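# Examining the three-dimensional arrangement
Here's the letter readout for the chains.
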Amino acid sequence: MADMLAKFVAMEARLSQVESKCGVAAAPVPQKAAAPAVDDDEDDDDEGDLFDSDSEDDEKIAQIKADRIAMYATKKSKKAVLIAKSNIVLDVKPWDDETDMAALEKCVRTVQTDGLVWGASKMVKIAYGITKLQIVCVVEDDKVGTDFLEEQITAFEEYIQSVDVAAFNKV
């Protein structure tokens, strides 16, 4: 190793001589006496583990992580929660052609619950003088389901024969 170091110092000296002859200003190279490297065969445990982190670093990292989590929580709490809603068109069919359709519609609209809003309705001719009620409602998906609506509407047995879902669209 000492031999290589001596050759390197000699090569630097020759390079600086060549540069001075060519007129190139070279940075002055300090001439140091080459000290031979001392080999220690002992394990250097004083240096510590390179992959081990200091307790100060751990505290700083934990503090930064806690701050980021707090910032994320406040940012998330400010966002408006999106409520999933659906637009449902129901076909409400009466027993026969003599059923009072106005009373049938009033019965259907009496079904009220949180997350249910009734919309427009119309009478649609089926056949042989029978008309069905086609009514629109908007429901919040987490609060109201189609099964609940069908059960509540078909509870009016004197007017309603059946309820079918004609259309179901996410809003």
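Residues numbered from 1 in each chain as written. Predicted model: local features only at pLDDT ≥ 70, side-chain atom pairs only at ≥ 80, totals over all residues. Heavy atoms only, no water.

### As for the pattern of salt bridges
Oppositely charged side chains are able to pair whenever their charged atoms sit close together. By the definition in use, this model includes seven salt bridges. Put simply, Lys7 and Asp3 hold a salt bridge, and the shortest N to O gap is 3.8 Å. Of this pair, Lys7 and Asp3 both sit in helix H1 (residues 2–22), four residues apart, which is roughly one turn of the helix. Note on Lys7: relative accessible area 55%, which makes it exposed. The partner of Lys132 in a salt bridge is Asp91, with the nearest N and O atoms 3.0 Å apart. Of this pair, Lys132 sits in strand E3 (residues 130–140) while Asp91 is found in strand E1 (residues 85–94), placing the two residues 41 residues apart along the sequence. On the basis of relative accessible area, Asp91 is assigned to the buried category, the value being 9%. Residues joined in a network through salt bridges with shared partners are Asp114, Glu140 and Lys143. (Salt bridge = Lys/Arg side-chain N within 4 Å of Asp/Glu carboxyl O. Helix = DSSP H or I, 4+ residues; strand = E, 2+ residues; numbered from the N terminus. Buried < 20%, exposed > 50% of the residue type's maximum accessible area, 1.4 Å probe, protein only.)

### Focus: a nonpolar patch on the surface
Together, Leu5, Phe8 and Met11 give the surface a local cluster of nonpolar side chains, amounting to about 290 Å² of exposed area. Tracing the chain through its elements places Phe8 in helix H1. Given the relative accessible area of 42%, Phe8 is considered partly exposed. (Patch = residues over 30% accessible without salt bridge, like charges linked within 9 Å, V, L, I, M, F, W, Y side chains within 5 Å. Areas by Shrake-Rupley, 256 points an atom, 1.4 Å probe, with all protein chains shown as cover.)

### A short note on the nonpolar core
Side chains of a nonpolar character, in soluble globular proteins, are inclined to be buried together. Grouped together as the largest cluster of nonpolar side chains are 18 residues, with contacts concentrated most on Leu90, Val92, Val108, Trp118, Leu149 and Ile153. Elements represented by at least two residues in this core include exactly E1, helix H3 (101–109), strand E2 (116–127), E3, helix H4 (146–154) and strand E4 (160–170). Setting aside residues no more than four positions away along its own chain, Val108 makes contact with Val92, Trp118, Leu133, Ile135, Ile153 and Ile160. (Core = buried A, V, L, I, M, F, W, Y, C linked by side-chain atoms within 4.5 Å. Contact = heavy atoms within 4.5 Å.)

### Thoughts on the pairing of E1
The side chains of a regular strand alternate, residue by residue, between the two faces of the sheet. Extensive coverage of E1 is indicated by the burial of seven of its 10 residues. Here E1 runs beside E3; their pairing, made up of eight bridges, is antiparallel. Within the sheet, the bridge partner assigned to Val92 lies in E3 and is Leu133. (Pairing = 2+ DSSP bridges.)

### Let's talk about the pairing of E2
Across nine bridges, the pairing between E2 and E3 is antiparallel. Residue Ser121 lies in a different strand from E3, and its bridge partner there is Ile135. What sits between the antiparallel neighbours E2 and E3 is a turn of two residues, in which Tyr128 has the positive phi angle 55°.

### Thoughts on the sheet that holds E4
Within the open sheet, the four strands sit side by side as E2-E3-E1-E4. Their pairing is antiparallel. Of all the strands in the sheet, just E2 and E4 have a single pairing partner and so form its edges. The sheet shows a mean angle of 20° between the axes of neighbouring strands, taken without regard to direction. The pairing of E1 with E4 spans nine bridges and is antiparallel. Considered in E4, the bridge of Pro94 is made with Ile160. Each of E1, E2, E3 and E4 is contacted by H4, which is oriented at about 155° to E4, the strand it contacts most. (Axes fitted to C-alpha atoms, helices over the stretch in contact; angles between N-to-C directions.)

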